[in-house]
Number of protein chains: 2
Amino acid sequence: MENRPHLIQALAVLGRPGSRDAIATPAAVLDLDAFEANVALMAERARTAGLALRPHAKSHKCAWVAQRQIAAGAVGVCCAKLAEAEALAAAGVGSILVTSPIAGAGPAARAATLAARLTDFRIVLDHPDAAAELGAAAQTPIPVLIDVDVGLGRTGVRDVAQGRVVAQAIAAQPNLRLIGLQGYGGHWQHMKGAGARAAAVAEGMERLRAVHAALRESGFDIEVVTGGGTGTFWSDAALGVLTEVQPGSYAFMDREYREALEGDPEGAFAQSLTVAATVISANHPDWVTVDAGLKAFSTDGPLPQPLTPGFEGCGYRFFGDEHGRLSRPARNVRRGDRVDFAPGHIDPTLDRYNVLHLVRGDVLEAIVPIEARGASQ
Amino acid sequence: MENRPHLIQALAVLGRPGSRDAIATPAAVLDLDAFEANVALMAERARTAGLALRPHAKSHKCAWVAQRQIAAGAVGVCCAKLAEAEALAAAGVGSILVTSPIAGAGPAARAATLAARLTDFRIVLDHPDAAAELGAAAQTPIPVLIDVDVGLGRTGVRDVAQGRVVAQAIAAQPNLRLIGLQGYGGHWQHMKGAGARAAAVAEGMERLRAVHAALRESGFDIEVVTGGGTGTFWSDAALGVLTEVQPGSYAFMDREYREALEGDPEGAFAQSLTVAATVISANHPDWVTVDAGLKAFSTDGPLPQPLTPGFEGCGYRFFGDEHGRLSRPARNVRRGDRVDFAPGHIDPTLDRYNVLHLVRGDVLEAIVPIEARGASQ
């Protein structure tokens, strides 16, 4: 029972075992059997492909999940922001890559503090000024990676020339050590069709390969090439540019991913994370009202999908900040009935909750904190 | 300086005075001058109209804001959910109306605990079974209101007959006391044009007036008729059905409300709440990337609007969970530049933040917790 120490620790803090039906709704609920299978499957695939696995914690923001991923073989986790890294570091996660560039002396000082505190802290940058800021703040040597724009256009150096300038700026800082490159194609992850994803990855990753080749020729020792997500796992593995992958959603899945990846090997992960809601009013002839609305689900992806038997075909619509409406099913519905939903987009959904409820079958095994919830700074 | 005691208390807990530029972004920032003017203006209008003011805390979820509203003359606050009420009660707010019906023995027990603990706790219900559940759980007499559906279709009794059934069920419970009615037309609040809003309010509120008349005839003493929002304030005041109003957004305003209410008296409130962001990458020729994305702004209303001089006309687009892209302004933009945004929809935006930064001009006066953030249960 490898999970026990963590569960017991969590139980001591936040809750006791009980019935799933006693969970106050709306609630983020993790099916442990499905979650454990997802975590094991991705770890096995990464091993098979010879890729280091560094799951992205922006999906879960939860130290318990990070520790489960690391126990299954992950080398550490990714964080999107410094505050996310600070929260997970405080909860004991020891190896963190921050995947977004930062700007300014204040954030540079925070990164330096994290680097001094963690066993293994690393961060990306995409501008020579960032190297100067971080170098000036560094209390200890900080491993850094150059972020390369592989076509998303969000962050990263855009060509070999920019890559060389940043590499030289890093080399000029005695307390920075260039260890790698990052290239993330967020726009590829939800493309429909494994072939379309593979073609897009192959084209975009040429930029990363070119920067890599140029820096190697200039004598830089690039140990790590990191990137990728749940949707492009096999494309990345086949292409061979990456040494490390950063999938996040595979642990939970969501409606957006399941619809995009249906039938593909990347879609073989189970829906482990659901949002539990309760019917709080059933006076209307055409629909019932549940207690989960704009503050309970992401609103940027597909609509939440009811999964509870008897409700599967019922259409959900947002009904204000705190409620949703669900078209009436064929079966009788009463106030107090529970309905579980597959969220549309997992990451912003989990960010709305303070705690994660761990269930196995109908038993609530534990409640763990989502430490980095809201930590977007 | 009536604010001082609260500010000093907040400072002791979370932060010290400093520069606005030192705030870690993305951040919820409250302009105190604008906020205080908004709070005073609504209090004055309610006094003039002879209406009790019970601002809705679902907009802010923050005890410091609730206490400012009460200090200006509000009779208490509304909460959308029990968890919101629990968090604000724990922070010292003493008069709370829960505006959503609840379902089941668990929530009824929580409501009864709140009623036993607070000076003035009240809750709505819309079904006879709810009266039985709450009556069974009550440790002390609980004042309740019947929620009436005035056309939104979300919650509430739908006609006089249903209203009578619920009133009788309440009367059958020795520990429940029927004190009033609630009717809220969320769908009217953002209607464009004061005339259109007034017509919709007049039509929908007929249902509330009918239930009120019927219960009065049956001998029920209805002290409170509560409802309304920022957008329908003057319509509600003119109609004369309500004794108490529940506006929330007026304290902050947002892009949705400002566009709907432009030029109307209800739109006379200033944009006091903004989200501060930082440009973290500026490598792309067509746009820059800021550190505020799907987890920093609501995504259900209009897009965030940049307010910082020089950025006003720049179009914002979501760029993933943690970032946004902003079209390049005419002026030069550098990594580290700050940009303030008017959020599209205030309530779900504030729910994404753990703290509220109180600023006056360029000075950060205090940081206060958003205690009920994420408390949708």
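This section reports on the structure supplied with the text. (Residues numbered from 1 in each chain as written. Chains lettered and ligands numbered in written order. Predicted model: local features only at pLDDT ≥ 70, side-chain atom pairs only at ≥ 80, totals over all residues. Heavy atoms only, no water.)

Residue and element names in this part refer to chain B. Relative orientation of the contacting elements helix H5 (residues 105-117) and helix H6 (residues 128-137) amounts to 50°, with a least axis distance of 8 Å. The angle between H5 and H6 falls in the class oblique. In the crossing of H5 with H6, the sense of the turn from one axis to the other is right-handed. Across the interface between the two elements, Ala-108, Ala-109, Ala-111 and Ala-112 from H5 touch Glu-133, Leu-134 and Ala-137 from H6. In terms of residue class, the contact of H5 with H6 is made up of six nonpolar, no polar and one charged. (Axes fitted to C-alpha atoms, helices over the stretch in contact; angles between N-to-C directions. Helix = DSSP H or I, 4+ residues; strand = E, 2+ residues; numbered from the N terminus. Parallel < 35°, antiparallel > 145°, perpendicular 65-115°, else oblique. Left-handed = near helix turned anticlockwise from the far one by under 90°. Contact = heavy atoms within 4.5 Å. Nonpolar A, V, L, I, M, F, W, Y, C, P; charged D, E, K, R; others polar.)

The next point concerns the packing of aromatic side chains. Going through the model one piece at a time under the given rule, you end up with 20 aromatic pairs over all chains. Ring centres of B:Trp287 and B:Phe319 lie 6.0 Å apart, and the angle between their planes is 80°; on these two criteria the pair is classed as edge-to-face. Residue B:Trp287 is located in strand S12 (residues 287-290), and its partner B:Phe319 is located in the loop between strand S14 (316-318) and strand S15 (324-327); the two are separated by 32 residues in the primary sequence. The pair formed by B:Trp287 and B:Phe319 is uniform in burial state, with each residue classed as buried. Summarising the aromatic geometry, the rings of B:Tyr316 and B:Phe341 are spaced 5.4 Å apart at their centres and angled 75° between planes, so their arrangement reads as edge-to-face. On the criterion of sequence distance, the pair formed by B:Tyr316 in strand S14 and B:Phe341 in strand S16 (residues 338-342) is long-range, its members being 25 residues apart. The side chain of A:Arg325 reaches across the aromatic face of A:Trp287, ending 3.7 Å from its centre. (Phe/Tyr/Trp six-rings, centres within 6.5 Å; stacked < 30°, edge-to-face > 60°. Buried < 20%, exposed > 50% of the residue type's maximum accessible area, 1.4 Å probe, protein only. Lys NZ or Arg CZ within 6 Å of the ring centre and 35° of its normal.)

Of the residues lining the interface, 59 residues belong to chain B; the matching set on chain A comes to 59 residues. Counting the surface lost from both chain B and chain A, the interface buries some 4600 Å², and carbon and sulfur atoms represent 47% of this. When the buried surface of chain B facing chain A is broken down by residue, B:Arg154, B:Asn283 and B:Arg335 rank first, second and third, together holding 16% of it. At the junction of chain B and chain A, the tally comes to eight salt bridges. (Buried area = accessible area lost by both parts, 1.4 Å probe. Salt bridge = Lys/Arg side-chain N within 4 Å of Asp/Glu carboxyl O.)

Here we come to the relation of the copies chain B and chain A. Placing chain B over chain A gives an RMSD of 0.0 Å and needs a rotation angle of 180°, together with 0.0 Å of translation along the axis. In short, the pair behaves as if placed about a two-fold rotation axis. Scanning chain B for the C-alpha nearest the rotation axis identifies B:Thr299, at a separation of 3.0 Å. Mapped onto chain A, 100% of the interface residues of chain B again fall at the interface, so both copies present the same surface. (Least-squares fit on C-alpha atoms with pLDDT ≥ 70 in both.)

All names here are of chain A. Along the chain, Thr-25 connects to Pro-26 via a cis peptide bond; the corresponding omega equals 0°. Structurally, Pro-26 is set in the loop between strand S1 (18-19) and strand S2 (27-31). The backbone of Lys-61 sits at a positive phi, close to 60°, despite the residue not being glycine. By the secondary structure assignment, Lys-61 is in the loop between strand S3 (52-53) and helix H3 (63-71).

As a further point, take the side chain of B:Gln69. Residues and elements named next belong to chain B. As for its position among the elements, Gln-69 is in helix H3 (residues 63-71). Engagement of the side chain of Gln-69 in a polar contact is seen with the side chain of His-60, the distance being 3.1 Å. Reaching out from Gln-69, the side chain makes a polar contact with the side chain of Tyr-250 at a distance of 3.2 Å. Residues in contact with Gln-69, not counting those within four places in the same chain, are Val-39, Pro-55, His-60, Ala-74, Val-77, Tyr-250 and Ala-251. (Polar contact = N/O pair within 3.5 Å; in protein donor to acceptor, adjacent residues only side chain to side chain.)

The subject of this paragraph is the sheet that holds strand S9 (residues 224-227) of chain B. Residue and element names in this part refer to chain B. In spatial order, the strands read S3-S10-S9-S8-S7-S6-S5-S4; together these eight strands make up an open sheet with parallel pairing. Two strands close off the open sheet at either side, each with one partner strand: strand S3 (52-53) and strand S4 (77-79). By the bridge criterion, four bridges tie strand S8 (residues 176-183) to S9 in an arrangement that is parallel. When the sheet's bridge partners are listed, Gly-180 is paired in S9 with Val-224. In the packing of H5 onto the sheet, contacts are made with strand S6 (120-125) and strand S7 (142-147), and the angle to S6 comes to roughly 150°. Across the sheet, helix H7 (residues 160-171) is in contact with S6, S7 and S8; its angle to S7 comes to roughly 170°. (Pairing = 2+ DSSP bridges.)

In short, the description is geometric, and any link to function would need to be established separately.
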